[in-house]
Amino acid sequence: MYEKEREELLERLVKWGYLSKPEVIEAFKKVPRHEFVPNNLKNYAYVDQPLPIGHGQTISAPSMIAIMLESLELELDQKVLEIGAGSGYNAALIAELVGPKGRVFTIERIAELAEFGRANLKKTGYERVHVVVGDGTCGYKREAPWDRILVTACAPEIPKPLVEQLKTGGKLAAPVGQHYMFQTWMVVEKRSGKEIRVRECGSCSFVPLVGKYGWKED
Ligand code: SAM
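Bear in mind the structure is a predicted one, so any value in this text is a computation, not a measurement.

**A short note on the overall build of the protein chain**
Counting its regular elements, the protein chain contains six helices and nine strands. Summarising its shape, the C-alpha atoms of the protein chain cover approximately 45 × 40 × 35 Å along the three principal directions. Counting over 218 residues, the protein chain shows a buried share of 53%. Contacts spanning at least 24 positions in sequence make up 57% of the contacts within the protein chain whose residues lie at least 6 apart. In the structure as shown, the protein chain presents an accessible area of about 10,600 Å², 52% of it carried by carbon and sulfur atoms. Charge-centre separation for the protein chain: the mean point of 30 positive side chains lies 4 Å from the mean point of 29 negative side chains.

**Overview of the side chain of Ser-71**
Considering the arrangement of structural elements, one finds Ser-71 in helix α3 (residues 62-72). Of note is the side chain of Ser-71, whose polar atom sits 3.0 Å from the backbone oxygen of Met-68. Look past the residues within four positions of Ser-71 in its chain and what remains in contact with it is Ala-173, Trp-185, Val-187 and Arg-199.

**A closer look at the site of the ligand**
Around the ligand sit 27 residues, and of these Gly-84, Ser-87, Glu-108, Gly-136 and Val-210 come closest. With respect to the ligand, the backbone of Tyr-89 contributes an N or O atom lying 3.5 Å from an oxygen atom. Arg-109 is positioned with one of its backbone polar atoms (N or O) 3.3 Å from a nitrogen atom of the ligand. Sorting the residues of the shell around the ligand by element identifies β2 (57-59), β3 (79-83), α4 (89-98) and β4 (103-108) as the ones contributing at least two each. Broken down by element, the residue count for the shell around the ligand peaks at three residues, all from β2. Among the residues forming the shell around the ligand, the class breakdown is twelve nonpolar, eleven polar and four charged.

**Re the nonpolar core**
Judged by nonpolar contacts, the single largest core of 50 residues is most densely connected at Phe-28, Leu-69 and Trp-185. Of all the secondary-structure elements, those providing two or more residues to this core are α1 (3-15), α2 (22-30), β1 (51-54), α3, α4, α5 (111-123) and β8 (182-190). Element by element, the count of residues in this core is highest for α4, at eight residues. In this structure, Phe-28 is in contact with Arg-6, Leu-10, Leu-19, Pro-62, Ile-65, Ala-66, Leu-69, Tyr-89 and Leu-93, ignoring residues within four places of it in sequence.

**Details of the sheet that holds strand β5 (residues 130-133)**
Strand pairing in a sheet is mediated by backbone hydrogen bonds. Such pairs are either parallel or antiparallel. Ordered in space as β5-β4-β3-β6-β7-β8-β9, the seven strands form an open sheet in which the pairing is mixed. The outermost strands of the open sheet, each flanked by one partner alone, are β5 and β9 (196-204). Across the sheet, the axes of successive neighbouring strands diverge by a mean angle of 20°, strand direction being ignored. Two strands pair when backbone bridges link them, and β8 and β9 are joined in this way by seven bridges, in the antiparallel orientation. The residue bridging Lys-190 from the neighbouring strand is Ile-196, located in β9. Across the sheet, α4 touches β3, β4 and β6 (146-151), and the angle it forms with β4 is around 165°. Together, β4 and β5 form the strand contacts of α5, whose direction differs from that of β5 by roughly 175°.

**Some remarks on the pairing of β4**
Within β4, five of the six residues are buried, which leaves it mostly tucked inside the rest of the structure. By the bridge criterion, five bridges tie β3 to β4 in an arrangement that is parallel. Directly across from Glu-82, in β4, lies its bridge partner Thr-106. In this region the chain leaves β3, passes through α4 and returns to the parallel neighbour β4; the handedness of that crossover is right-handed. Tracing the backbone out of β4, into α5 and back to the parallel element β5 gives a crossover that is right-handed.

Cut-off values and rules
Residues numbered from 1 in each chain as written. Predicted model: local features only at pLDDT ≥ 70, side-chain atom pairs only at ≥ 80, totals over all residues. Heavy atoms only, no water. Helix = DSSP H or I, 4+ residues; strand = E, 2+ residues; numbered from the N terminus. Buried < 20%, exposed > 50% of the residue type's maximum accessible area, 1.4 Å probe, protein only. Contact = heavy atoms within 4.5 Å. Areas by Shrake-Rupley, 256 points an atom, 1.4 Å probe, with all protein chains shown as cover. Lys, Arg positive; Asp, Glu negative; His and termini not counted. Charge placed at Lys NZ, Arg CZ, Asp CG, Glu CD. Polar contact = N/O pair within 3.5 Å; in protein donor to acceptor, adjacent residues only side chain to side chain. Near = heavy atom within 4 Å. Nonpolar A, V, L, I, M, F, W, Y, C, P; charged D, E, K, R; others polar. Core = buried A, V, L, I, M, F, W, Y, C linked by side-chain atoms within 4.5 Å. Pairing = 2+ DSSP bridges. Axes fitted to C-alpha atoms, helices over the stretch in contact; angles between N-to-C directions. Right-handed = clockwise from strand over helix to strand, strands pointing away.

Below is the structure:
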């Protein structure tokens with residue numbers, strides 16, 4: 001189902017320059033985005049736009065997800081933490097990229113969304129992704145350290161515990177901004193000990209990261 005639409009979307013993302021890495025393109029080919037959106041929005045699953053998934057949250061636009069995954073430089077067998085499980089779609093793509101020996105954990109603060117994400121991952125065959133309910137700004141210490149951390153909601157600054165829980169040589173990517181209109185996609189590399197390298201990779205727009213090291217709840 002929707003194979004032609006998925007193929008056409010991927011062709012556009014390649015043409016527009018969002019997708020270039022063969023392994024990322026392959027992951028997008030395999031994961032059915034229409035299985036991760038609410039039933040009434042399935043026909044829009046292969047349009048390049050974010051879609052509502054309930055509770056005021058969204059599944060990001062495919063072009064933004066392409067930027068996230070290409071910048072994170074995932075490799076086979078890595079251990080990855082995602083903050084903001086939402087629909088589970090990103091986590092399924094990550095699971096494809098790290099392969100069957102890789103390990104993927106995704107944290108969601110809204111329990112109902114965690115359940116939605118978990119159900120979507122199960123029906124598409126990605127039960128091996130662990131969905132955890134909690135405040136992802138604190139990371140997930142019991143499974144740390146991480147090769148990669150992907151943050152899919154915007155914080156005023158990169159939460160400190162996440163950098164602490166990265167392996168040396170590990171990478172973290174996150175939207176960071178003081179205002180919902182002005183956000184930057186940041187890629188952080190932990191070199192050795194406390195030395196980190198931060199790259200700014202363009203502007204973006206995400207829902208807020210709410211928690212101890214993010215925005216305070218209203
Ligand atoms: N990655 C998701 C997907 O594939 O559908 C989309 C994520 S959506 C743009 C951002 C998510 O981050 C929302 O589901 C939101 O509830 C969640 N979130 C916000 N603050 C959080 C926190 N402190 N810990 C965990 N999840 C959080």
